[in-house]
Amino acid sequence: MKKLIVANWKMNPQSVAEAKRLFAAVSKTARGLKNVEAVICPPFPYLYTLHPTPYTLLGGQDVFWEQSGAYTGAVSPQMLKALGARYVIIGHSERRRHFGETDQIINKKVQAALAGGLKVILCVGETLQERKRGHTKQVLRRQLKKDLKNVWKLGTGNWKLRNRLAIAYEPVWAIGTGIPETPQNANAAAALIWKILGASPRVLYGGSVNAQNIGKYLAMPQISGALVGGASLSSQEFGRILMIAEHI
Ligand code: PGA
């Protein structure tokens, strides 16, 4: 399976022109990639102005679970698809924290996105406090169980979904802090996720990934890609990440 490298632009950049420039530059570098699937997740409004290529796919940073109706501010899976998105990030810790998303909400979104034909990147990971208390395992188990309710029966393989669901292990304390988890610990968490699920969807690592450290994560046997925030806002840095992933 190809490595999955996902750019999460978050609420950046600040103009359509910049978004187009960044996307064009990344698309140029990504052209011809054989071993990497590159996915760019821009803010919703920019999706309309960016045109995916076979080497540079588009994804949403979030999605709502209903198809239509009186849901102010919401975007449906069908709308994302119509704008060319193939992927969607669900359950990012910033959504959990700033938008009050619970595991129940995330579960509804995962189900709706899959039913709508999108591929899902589900984010899980412990906070610093949970980590200090030694609760990482319980947190991952609880999140996977609740977020994937009616989607994936824990402990049993689900080959049909293997290609449509990726899990991003993102320890909350490592996101945007410049303090990444060690490749060894990230690999151990990925192994645990495999064990909990009972099969092997792609597990990505996310949290202060950059061109300098990406190689170490991708060299780990259980890590199949990365979710990249800050470093995806520089076309040079992200381009280097893609190239390293291609040749690892
Ligand atoms: P970061 O963000 O690479 O800036 O740490 C990662 C993420 O939020 O997915």
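Just so you know, these numbers come straight off a predicted model, no measurement behind them. Every chain begins its residue count from 1, and numbering advances along the sequence as written. The predicted nature of this model means local features are confined to residues of pLDDT at least 70 and side-chain atom pairs, given and counted, to a pLDDT of 80 or more, with totals for whole chains, interfaces and linings taken over all residues. Side-chain figures throughout are based on the complete set of non-hydrogen atoms in the structure, without hydrogens or water.

A.B. asks: So what exactly am I meant to see when it comes to the overall build of the protein chain here?
C.D. replies: Only DSSP runs of H or I reaching four residues or more are called helices, and only runs of E reaching two or more are called strands; each is numbered from the N terminus. When its secondary structure is counted, the protein chain shows 10 helices and eight strands. Each radius of gyration is computed over the set of C-alpha atoms, and the globule rule expresses the reference value as 2.2 Å times the number of residues to the power 0.38. Taking 248 residues into account, the globule formula puts the C-alpha radius of gyration at 18 Å, and the protein chain, at 17 Å, falls close to it. Note on definitions: a residue-residue contact is assigned when non-hydrogen atoms from the two residues lie within 4.5 Å. Within the protein chain, contacts between residues at least 6 apart in sequence are counted, and of these 72% link residues at least 24 apart. With an accessible surface of roughly 11,500 Å², the protein chain has 54% of that area assigned to carbon and sulfur atoms. His is not counted here, nor are the chain ends, while Lys and Arg score as positive and Asp and Glu score as negative. Lys charges are placed at NZ, Arg charges at CZ, Asp charges at CG and Glu charges at CD. In the protein chain, 33 side chains carry a positive charge and 14 a negative one; their mean positions are 5 Å apart. Working definition of accessibility: Shrake-Rupley area with a 1.4 Å probe, residue cover restricted to the visible protein chains.

A.B. asks: How should I be thinking about the environment of Thr-29 in this particular structure?
C.D. replies: With respect to the helices, strands and loops of the structure, Thr-29 is situated in helix H1 (residues 16–30). Burial here depends on accessible area, computed with a 1.4 Å probe over protein chains only, as a share of the maximum for the residue type. Under 20% is buried, over 50% is exposed, and the range in between is partly exposed. Overall, Thr-29 belongs to the partly exposed group, its relative accessible area being 25%. For the pair Thr-29 and Leu-242, spaced 213 residues apart in the sequence, the C-alpha separation amounts to 7.9 Å. In this view, Thr-29 contacts Gly-239 and Met-243; residues no more than four positions away in its chain are not counted. For this analysis, a polar contact is any N or O atom pair within 3.5 Å, provided that within protein one partner can donate a hydrogen and the other can accept it, and provided that sequence-adjacent residues contribute only side-chain to side-chain pairs. From its side chain, Thr-29 meets the backbone oxygen of Ala-25 in a polar contact 3.1 Å long.

A.B. asks: Is there a simple way to explain a positive patch on the surface in this structure?
C.D. replies: Residues Lys-137, Arg-141, Lys-145, Lys-146 and Lys-195 make up a contiguous surface patch of positive charge. Per-element accounting of the positive patch gives the leading share, four residues, to helix H7 (residues 136–147). With respect to the helices, strands and loops of the structure, Lys-195 is situated in helix H8 (residues 183–197). On the basis of relative accessibility, which here comes to 67%, the residue Lys-195 falls in the exposed class. Two distance rules govern patches: like charges are joined within 9 Å, and nonpolar side chains (Val, Leu, Ile, Met, Phe, Trp, Tyr) within 5 Å, applied only to residues with over 30% relative accessible area and no salt bridge. The term salt bridge refers to a side-chain nitrogen of Lys or Arg lying within 4 Å of a carboxyl oxygen of Asp or Glu.

A.B. asks: What is the right way to look at the site of the ligand in this model?
C.D. replies: Near the ligand lie 13 residues; those nearest to it are Lys-10, His-92, Glu-170, Gly-176 and Ser-208. Measuring from an oxygen atom of the ligand, one finds a side-chain N or O atom of His-92 at 2.6 Å. Within the backbone of Gly-176, one N or O atom sits 2.6 Å away from an oxygen atom of the ligand. Protein chains shield 95% of the accessible area of the ligand, which is 280 Å² for the free molecule. For this classification, the nonpolar set comprises Ala, Val, Leu, Ile, Met, Phe, Trp, Tyr, Cys and Pro, the charged set comprises Asp, Glu, Lys and Arg, and every other residue, Gly included, is treated as polar. A breakdown of the residues in the shell around the ligand according to their chemical character gives four nonpolar, seven polar and two charged. Nearness here has a simple test: a residue counts as near a molecule or strand if at least one of its heavy atoms is within 4 Å of that partner.

A.B. asks: Any chance you could explain the side chain of His-92 here in plain terms?
C.D. replies: Relative to the helices and strands, His-92 is located in the loop between strand S4 (85–90) and helix H4 (93–98). Within the local environment of His-92, its side chain forms a polar contact with the side chain of Glu-170, the two groups lying 3.3 Å apart.

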